Amino acid sequence: MPDQLFSDLYRDTDRLTWAPVEEVRSRGRQRTRRTRVAAALAVAVAVGVLASGAAVLAGHRDATPPLPPATVVPSTPDAEPTGSPTPSAESSPSHSAQSSRPPTGGSPSRRPPSRPVPAGATLQPADLPNGFTMSQVSGKADWTLESAAVSCENKLPALSVGVLATRAVQFDSPTAWLAERVTRHVEADDVTSMKRVRRIAADCVPARPGDSLSILAEGLGGDDGVLVGGEIKGIPARWLFVRQGDLVAQLRLDHQTTPDEARRFAKLAADRLCAGTDAC
């Protein structure tokens, strides 16, 4: 006897009308399309919400007031090392433009660090004839060419342009004396200083009869070497200038020193200057 469950199922479905197979498939495809469209609409809504939120945030950022401009506080200049640099009329245009150009960026402009002139950069007792000894030098250097140029009627340029450091020595003997001053200059001011030596010798207008200054010899040693001779206030003298790199040596020699003798001193001075400069 058939199971009661199957009998009930047969009775309930005996008069049912089943849809054709193609209609069932069509309904299935429609349901699938409706599901995909609903999913696509949900994604579009989500994207729209995100875009609206980003626009709102961007609007709030644009509405933020701009920061005030930074205020630059001028810094206190560094302490001047020995010998303050003076502006150089003979400096190259590019050097002058760089000196006058305001600093860029946030850091203040600074002068190059002062590098002392070492003791070995000056003449030594072994360089001089027997009888000379090194002595203490006072701060007053009235033996220099600049001191002699003060007696000229016209105003002449200073030689201490762009000086970063100085060292001076003096040698004495029973019958003579010799003095030397070595200066370190910033950038191209060592060349400017040598140009001014020539200007002083050539442009000096003597204030007294018999006074004179002139160039006696050039190209004596080092990167540049000049011998200046003259007589100021009745006192004859010889000044020898030797440049090596950024160092310039000025020597006060005996007034009877010849150009050949000055050449020997110039070579000695140039060799000693190499102890204080990287140009050698």
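These figures come from a predicted structure and were not determined experimentally.

## Section: the state of the cysteines
Throughout the structure, instances matching the rule amount to two disulfides. The partner cysteine of cysteine 152 in its disulfide is cysteine 204, sulfur to sulfur 1.9 Å. With the S-S dihedral at roughly -95°, the linkage between cysteine 152 and cysteine 204 falls on the left-handed side. Pair noted here: cysteine 152 is in the loop between helix H4 (145–149) and strand E2 (163–172) and cysteine 204 is in the loop between helix H5 (189–203) and strand E4 (212–218), with a separation of 52 residues, a long-range link. Owing to a relative accessible area of 7%, cysteine 152 belongs among the buried residues under this scheme. With relative accessibility at 12%, the residue cysteine 204 sits in the buried group. What connects to what in the chain, once the bonded cysteines are numbered by sequence position, is 1-2, 3-4.

## Regarding the pairing of strand E7 (residues 247–253)
With seven of seven residues buried, E7 lies mostly within the body of the structure. Where strand E3 (residues 177–185) and E7 come together, six bridges link them in antiparallel fashion. Bridge pairing links valine 182 to alanine 249 in E7. Looking at chain direction, strand E6 (residues 235–244) and E7 are connected through seven bridges and run antiparallel. Directly across from arginine 238, in E7, lies its bridge partner leucine 253. Joining the antiparallel neighbours E6 and E7 is a turn of two residues, in which glycine 245 adopts a positive phi near 65°.

## Examining empty space enclosed by the protein
In the structure shown here, the tally under the stated rule is one cavity of 30 Å³ or more. The computed volume of the largest cavity comes to approximately 60 Å³. Mapped onto the lining of the largest cavity, the elements with two or more residues apiece are E3 and E7. Each residue belonging to the lining of the largest cavity can be placed in one class, and the counts come to four nonpolar, five polar and one charged.

## With respect to the pattern of salt bridges
On inspection of all chains with the given rule, the structure shows 11 salt bridges. Where arginine 198 meets aspartate 224, a salt bridge forms, and the shortest distance between an N and an O atom there is 3.0 Å. Residue arginine 198 is found in helix H5, and its partner aspartate 224 is found in strand E5 (residues 224–232); the two are separated by 26 residues along the sequence. Given a relative accessible area of 16%, aspartate 224 falls into the buried group. A salt bridge links aspartate 203 to arginine 199, with the shortest nitrogen-to-oxygen separation between them at 3.8 Å. With aspartate 203 and arginine 199 both in helix H5 and four residues apart, the pair spans about one turn of that helix. Residue arginine 199 is classed as partly exposed on the basis of its relative accessible area of 36%. When salt bridges with common partners are traced through the structure, they connect Asp190, Asp223 and Arg243 into a single cluster.

## Let's talk about the layout of surface pockets
Space inside the second largest pocket adds up to approximately 270 Å³. Lining of the second largest pocket is provided by 13 residues; of these, Asp142, Trp143, Ala148, Ile232 and Ile235 occupy positions nearest its centre. Taken together, the elements giving at least two residues each to the lining of the second largest pocket come down to H4 and E6. Here the lining of the second largest pocket is composed, by residue class, of seven nonpolar, three polar and three charged.

Calculation rules
- Residues numbered from 1 in each chain as written.
- Predicted model: local features only at pLDDT ≥ 70, side-chain atom pairs only at ≥ 80, totals over all residues.
- Heavy atoms only, no water.
- Disulfide = S-S within 2.5 Å.
- Helix = DSSP H or I, 4+ residues; strand = E, 2+ residues; numbered from the N terminus.
- Buried < 20%, exposed > 50% of the residue type's maximum accessible area, 1.4 Å probe, protein only.
- Pairing = 2+ DSSP bridges.
- 1 Å grid on protein atoms, 1.4 Å probe; cavity = no way out; pocket = protein on both sides within 12 Å on 5 of 7 lines; lining within 4 Å.
- Points joined across faces, edges and corners; volume = space filled by probe spheres on them.
- Nonpolar A, V, L, I, M, F, W, Y, C, P; charged D, E, K, R; others polar.
- Salt bridge = Lys/Arg side-chain N within 4 Å of Asp/Glu carboxyl O.

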